[in-house]
There are 2 protein chains.
Amino acid sequence: MAKDKKMVTAITSMDEDFAQWYTDICKKAELVEYTSVKGCMVIRPYGYAIWENIQHILDSMFKATGHENVCMPMFIPESLLQKEKDHVEGFAPEVAWVTHGGNEKLEERLCVRPTSETLFCEHYANIVHSYRDLPKLYNQWVSVVRWEKTTRPFLRSREFLWQEGHTIHATAQEAIEETERMLNVYAQFCEESLAMPVVKGKKTDSDKFAGAVSTYAIEALMHDGKALQAGTSHYFGDGFAKAFGIEYTDKDNKRVLPHQTSWGVTTRLIGAVIMTHGDNNGLVLPPAVAPVQAVIIPIAQHKEGVLDKAAELLEKLKSLGIRVKMDDSENSPGWKFSEYEMKGVPVRIEIGPKDIEAGQCVIACRYNGEKITASLDDFAEKVKDLLDNDIPKGMLAKALENQHRRTYACTTLDEITKSLEENGDGFIKAMWCGEEACEDAVKEKTGVGSRCIPFDQEQLSDKCVCCGKPAKHMVIWGKAY
Amino acid sequence: MAKDKKMVTAITSMDEDFAQWYTDICKKAELVEYTSVKGCMVIRPYGYAIWENIQHILDSMFKATGHENVCMPMFIPESLLQKEKDHVEGFAPEVAWVTHGGNEKLEERLCVRPTSETLFCEHYANIVHSYRDLPKLYNQWVSVVRWEKTTRPFLRSREFLWQEGHTIHATAQEAIEETERMLNVYAQFCEESLAMPVVKGKKTDSDKFAGAVSTYAIEALMHDGKALQAGTSHYFGDGFAKAFGIEYTDKDNKRVLPHQTSWGVTTRLIGAVIMTHGDNNGLVLPPAVAPVQAVIIPIAQHKEGVLDKAAELLEKLKSLGIRVKMDDSENSPGWKFSEYEMKGVPVRIEIGPKDIEAGQCVIACRYNGEKITASLDDFAEKVKDLLDNDIPKGMLAKALENQHRRTYACTTLDEITKSLEENGDGFIKAMWCGEEACEDAVKEKTGVGSRCIPFDQEQLSDKCVCCGKPAKHMVIWGKAY
């Protein structure tokens, strides 16, 4: 029991210090390790396996919606980055510059891609000539670099892994549809595979991607009441096409400008999972992305027949396609319980001499701690059903309940301030006139910024929460990661 | 027919200009496109899909042999790169240096990883403490950068995609076994999935990886008689462990040094496939890595029933898990034949009104041009069998025959010179005393360098081909990519 206790108390309580709780989980669940490169990390096997599962599911969704994977260079010549004015202004201050190759100084310095719009545009200019060449629906899985000052594992790092979708279309309408389609794909993925509810909406103009006409985002609420932008989808109009000289010949033989989009999610999603589902015993993983979905812990494993029976259970679960492992190491069952709780394994199966005698085993669910006793005849189907249905649904419902409970409607700045004092952080719903000055004033006076203009609008009042003039939109405000 | 002809004559004949033939295929089969970043390329969807298939198969083989994927940062601080003397000497002259982050000059410059031994060593030093922590069997799929002067798509580029395996073991013996195991995995993959025969062997000391005790390699013979190093596996002994202060406590409670390996293959394998199987009509892809394994071409598709029947065939092949597409575009059948020959699709299926009447279709194999007529009752099983068995075996046999035909045993330098004059390039087998001076002299006098000391040794004579002193090894010599 001493060992158990050590495991459990080894992480900081989230109520005591949320940031430290987060870092503790990243380290103790063996997701990441720091390196001597400031702001860059090693993603360890357990953390990377989560990312591989995320990639696998999302990649299927991208391919099912007609996208193809490609790979662009990691370097962008300075002159290429500068072609689109807003884009370079947004990114140049935070890129890493390569100035030397071997012992020679480069004629033109290259930045390590912070994002790849400019490279895709250069490529489109080479391959898009006629309406027959459109649309191009591309994606790439790579890492990008942004020279952040303060960094945290998964949430903000100088190098991070992501996918970036880049598409080019004949018409504005098609491109806008694509922008929305991919935001919906992200939202569906977050809810179905990460059991994480998100609010879909549009960013205000001050919060748009550098070079975009409009940016859509999905916003999720973390355990500490802060908002996390979990994915973005950008509509570019024809701005990049103009800047890069991309034109095509349409059916009427006229030269016209195509319309573009880009969209991305990053390893930040792993941070979102930690802060949406984790608890004081560690990580809690949704089954769809858990590297190990079920762990079998033999009880009194030295007794005759226990390990054999546990091995039988293992094979049964494997045969149903479940990612399962058995831990028959010398550690105590209690130590093992804590270990796999820390690692967020969705289901634990206990099997000991008494269980075997009774023809049953115990199934414990990580996310709610519930234990059920199942007959050995159909325990495997039961586990599969838990992993496929009950657990993801239960986790989503729990997270959604938390989001609803911590969403507060306010009609004045005083109400916002009061809500923050009384309820702590959360999503604040309040009306907005559409003026950037009011957006800034809300931030300055209350500390919360606009997260997004949700697609699902409500008419809370007809006045702007700040200036009292006619309101145009309901906005979700909050503190952000 | 004019269009057909244009497609076919659009690539240079390989006998006329092999290098141009290669480049033509890369472009016309839409594998790559150049960019404004010298020596870096866009890998286009069709090229990237080949790489995805390679990754998928190899990754399964790595996991089946107990390896886990991780992800290290792309940057290496200069001081970290310098810790192992041989390693930094080998790589420092060809790395790209990041000197600025945003607008600030970095205190210490960072190189973009040319390979990641140093990062893995730093990580091992953090996580390896006891014999219980060993072995660690890691791999990562990333891109690396080496500032090459002359570049060619897939074969030599400044940035290339690869996997790098890195492992650390308690004993030298375990590490040596790992080095050999992974070379065998590579050889098996090349023969089974790429239908490409390889020679397994050890590199001479002058050709070892910077920092390695020994380097093993697989060497393949290209159509033009040049050798291509298709994969390498390195045994490091405890040199890196010493340099990075990695120690562990063994079972007797003593502090000892662990032993390491690394091994890698790159997108170069795609170049190898082009130059092993390609012909004057374009690419020829082995079925295991072909993005499209079979293409259905309806003949006289405007006639009633043709497209319906073709769609039926498509569904049948899909149901067997075959990557298949139907081309019912407006282009002529002849144009389509050329197009899919250029793209190296292993099997073409033709179906027209007469075939339907006769209850049959025509199956054409890309690699040997053979056509067979198959009954519609069992054509799908026939296609599957071709893709799984006959085609890969036939392609391997053809490539192996070519390799054997172009391997020449020589006992004197004059014989080497004569063979090169009479037979052109190829693998030259000749004995060697083991002295670097002789290795250099062979290169200088005949133009061929040592490729490897094959594991399968033959005693061609008892004298060194160069100095006439007692021979230690049979070496394969050749010109290399």
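Residues numbered from 1 in each chain as written. Chains lettered and ligands numbered in written order. Predicted model: local features only at pLDDT ≥ 70, side-chain atom pairs only at ≥ 80, totals over all residues.

## Describing the overall build of chain A
Here comes step 1: Helices and strands together make up the secondary structure of chain A, namely 15 helices and 23 strands.
Here comes step 2: The C-alpha atoms of chain A give a radius of gyration of 25 Å, which matches the 23 Å a tight globule of 481 residues would have.
Here comes step 3: Its C-alpha atoms put chain A at 80 × 55 × 50 Å along the principal axes.
Here comes step 4: Across the 481 residues that make up chain A, the buried fraction comes to 49%. (Helix = DSSP H or I, 4+ residues; strand = E, 2+ residues; numbered from the N terminus. Rg over C-alpha atoms; globule rule 2.2 N^0.38 Å. Buried ≥ 20, exposed ≤ 12 C-beta atoms within 10 Å, placed from the backbone.)

## Notes on the sheet that holds strand E4 (residues 75-77) of chain B
Here comes step 1: Ordered by their spatial adjacency, six strands build an open sheet running E4(A)-E6(A)-E5(A)-E5(B)-E6(B)-E4(B), and the pairing between neighbours is antiparallel. Of all the strands in the sheet, just strand E4 (75-77) of chain A together with E4 of chain B have a single pairing partner and so form its edges. Put simply, the sheet's adjacent strands are angled 45 degrees from each other on average, direction ignored.
Here comes step 2: Here strand E5 (residues 96-101) of chain B pairs with strand E6 (residues 104-112) of chain B via four bridges, running antiparallel. Along E6(B), the bridge assignment pairs Val98(B) with Leu110(B). (Pairing = 2+ DSSP bridges. Axes fitted to C-alpha atoms, helices over the stretch in contact; angles between N-to-C directions.)

## What about the interface of chain A and chain B?
Here comes step 1: Contacts between chain A and chain B engage 43 residues on the former and 43 residues on the latter.
Here comes step 2: Looking at which element gives the most residues to the side of chain A that touches chain B, the answer is strand E5 (residues 96-101) of chain A, with six residues.
Here comes step 3: By the bridge criterion, five bridges tie E5(A) to E5(B) in an arrangement that is antiparallel. Looking at the pairing, Ala96(A) lines up with Gly101(B) of E5(B). (Contact = placed C-beta atoms within 7 Å.)

## With respect to the environment of Val128(A)
Residue and element names in this part refer to chain A.
Here comes step 1: Relative to the assigned elements, valine 128 resides in the loop between helix H6 (117-127) and strand E7 (136-145).
Here comes step 2: On the basis of neighbour count, valine 128 is assigned to the buried category, with 21 C-beta atoms found within 10 Å.
Here comes step 3: Residues valine 128 and leucine 58, spaced 70 residues apart in sequence, show a C-alpha to C-alpha distance of 27 Å.
Here comes step 4: Excluding residues within four positions of it along the chain, valine 128 makes contact with Asp133, Leu134, Lys136, Ile168, Ile246, Tyr248 and Pro258.

## Let's talk about the relation of the copies chain A and chain B
Here comes step 1: The two copies are related by a screw motion: chain A maps onto chain B through a turn of 180 degrees and a shift of 0.0 Å along the axis, at an RMSD of 0.0 Å. Both copies of the chain, as the preceding transformation shows, are related through a two-fold rotation axis. Across chain A, the rotation axis passes nearest the C-alpha of Val98(A), at a separation of 2.1 Å. (Least-squares fit on C-alpha atoms with pLDDT ≥ 70 in both.)

## Quick word on the nonpolar core
Here comes step 1: One finds Cys190(A), Ile218(A), Ala220(A), Cys190(B), Ile218(B) and Ala220(B) to be the most contacted residues of the largest nonpolar core, which totals 292 residues.
Here comes step 2: Among residues more than four places away in sequence, those in contact with Cys190(A) are Met196(A), Val198(A), Ile218(A), Ala220(A) and Ala230(A). (Core = buried A, V, L, I, M, F, W, Y, C linked by C-beta atoms within 7 Å.)

## Observations concerning the packing of helix H14 (residues 413-423) of chain B against helix H15 (residues 436-446) of chain B
All names here are of chain B.
Here comes step 1: Where H14 meets H15, the axes come as close as 10 Å, and the angle between the chain directions of the two elements is 40 degrees. One element, H14, and the other, H15, form an angle in the oblique class. In terms of crossing hand, the pair formed by H14 and H15 is right-handed. Counting all contacts with H14, which are made through Leu413, Ile416, Thr417 and Leu420, the residues of H15 involved are Val442, Lys445 and Thr446.
Here comes step 2: By residue class, the composition of the contact of H14 with H15 is four nonpolar, two polar and one charged. (Parallel < 35°, antiparallel > 145°, perpendicular 65-115°, else oblique. Left-handed = near helix turned anticlockwise from the far one by under 90°. Nonpolar A, V, L, I, M, F, W, Y, C, P; charged D, E, K, R; others polar.)

## Comments concerning the sheet that holds strand E14 (residues 259-266) of chain A
Strand-to-strand pairing in sheets goes through backbone hydrogen bonds, with the strands running parallel or antiparallel.
All names here are of chain A.
Here comes step 1: One open sheet accounts for eleven strands, arranged E3-E7-E8-E14-E11-E10-E9-E22-E23-E21-E20; its pairing is mixed. The sheet terminates laterally at strand E3 (68-69) and strand E20 (407-409), the two strands that pair on one side only.
Here comes step 2: Pairing geometry for strand E9 (residues 199-202) and strand E10 (residues 214-221), over four bridges, is antiparallel. Paired with lysine 200 across the bridge in E10 is isoleucine 218.

## Observations regarding the domain arrangement of chain A
All names here are of chain A.
Here comes step 1: Considered domain by domain, chain A is made up of domain 1 (16-277), domain 2 (292-388) and domain 3 (407-478).
Here comes step 2: Just the C-alpha atoms count here: the centres of domain 1 and domain 3 sit 28 Å apart.
Here comes step 3: Contact with domain 1, which involves 16 residues of that partner, is made by 14 residues of domain 3.
Here comes step 4: Sorting the residues of the side of domain 1 that touches domain 3 by element identifies E9 and E10 as the ones contributing at least two each.
Here comes step 5: The dominant element in the side of domain 1 that touches domain 3, judged by the number of residues it contributes, is E9, at four residues. (Domains from an automatic or database assignment.)

## Regarding the environment of Lys398(B)
Here comes step 1: Position of Lys398(B) among the secondary structure elements: in helix H13 (residues 379-405).
Here comes step 2: In the structure, Lys398(B) is positioned 137 residues away from Thr261(B) in sequence and 34 Å away in space, judged by C-alpha atoms.

## Section: helix H3 (residues 45-64) of chain B
Here comes step 1: Over its 20 residues, H3(B) extends 28 Å from the first C-alpha to the last, a length consistent with the 28 Å expected when each residue adds 1.5 Å.
Here comes step 2: One or two positions beyond H3(B), positive phi appears at Gly66(B), with a value near 90 degrees. (Expected span 1.5 Å × (residues − 1).)

## Notes on unusual backbone geometry
Here comes step 1: Across the junction of Leu134(A) and Pro135(A), the peptide omega takes the value -5 degrees, indicating a cis bond.
Here comes step 2: Positionally, Pro135(A) belongs in the loop between H6 and E7.
Here comes step 3: Phi is positive for Phe154(A), which is not a glycine, with a value near 70 degrees.
Here comes step 4: With respect to the helices, strands and loops of the structure, Phe154(A) is situated in the loop between E7 and strand E8 (159-169).
Here comes step 5: For Glu30(B), which is not a glycine, the phi torsion comes out positive at approximately 60 degrees.
Here comes step 6: By the secondary structure assignment, Glu30(B) is in the loop between helix H2 (18-28) and strand E1 (32-34).

## As for H15(B)
All names here are of chain B.
Here comes step 1: The set of residues buried in H15 consists of Cys438, Glu439, Val442 and Thr446. Seen along its axis, H15 keeps its buried residues to an arc of 105 degrees; they face one direction. For H15, the exposed residues set more than 90 degrees away from the buried face come down to Glu436, Ala437 and Glu444.
Here comes step 2: Packed against the buried residues of H15 are H14, strand E21 (427-432), strand E22 (449-454) and strand E23 (473-478). (Arc of directions from axis to C-beta.)

## Overview of the pairing of E6(B)
Residues and elements named next belong to chain B.
Here comes step 1: With three bridges joining them, E4 and E6 adopt antiparallel strand pairing. Bridging from a neighbouring strand, phenylalanine 75 pairs with valine 112 of E6.
Here comes step 2: From the end of E5 to the start of E6, which pair antiparallel, there are two residues, and glycine 102 there has a positive phi angle of about 60 degrees.

## Things to note about the confidence of the model for chain A
Predicted coordinates in areas of low pLDDT are best not read in detail.
All names here are of chain A.
Here comes step 1: Confidence along chain A averages 96 in pLDDT terms, with 98% of residues attaining 70 or more.
Here comes step 2: A low-confidence stretch, residues 1-6 stays under pLDDT 50, and its non-local contacts, those more than four residues away or across chains, total eight contacts.
Here comes step 3: As scored by the predictor, the complex reaches a pTM of 0.96 and an ipTM of 0.96. (pLDDT = per-residue confidence, 0-100.)

## Side note on the pairing of strand E11 (residues 227-237) of chain A
Residues and elements named next belong to chain A.
Here comes step 1: E11 sits mainly inside the fold: ten of its eleven residues count as buried.
Here comes step 2: Note that E10 and E11 share eight bridges and pair antiparallel. Across the sheet, tyrosine 216 pairs through a bridge with serine 233, a residue of E11.
Here comes step 3: Hairpin connection, E10 to E11: the antiparallel pair is bridged by five residues, and glycine 225 has positive phi, about 85 degrees.
Here comes step 4: Direction of pairing for E11 relative to E14: antiparallel, over a ladder of five bridges. Across the sheet, the residue bridging to threonine 232 is glycine 264, located in E14.

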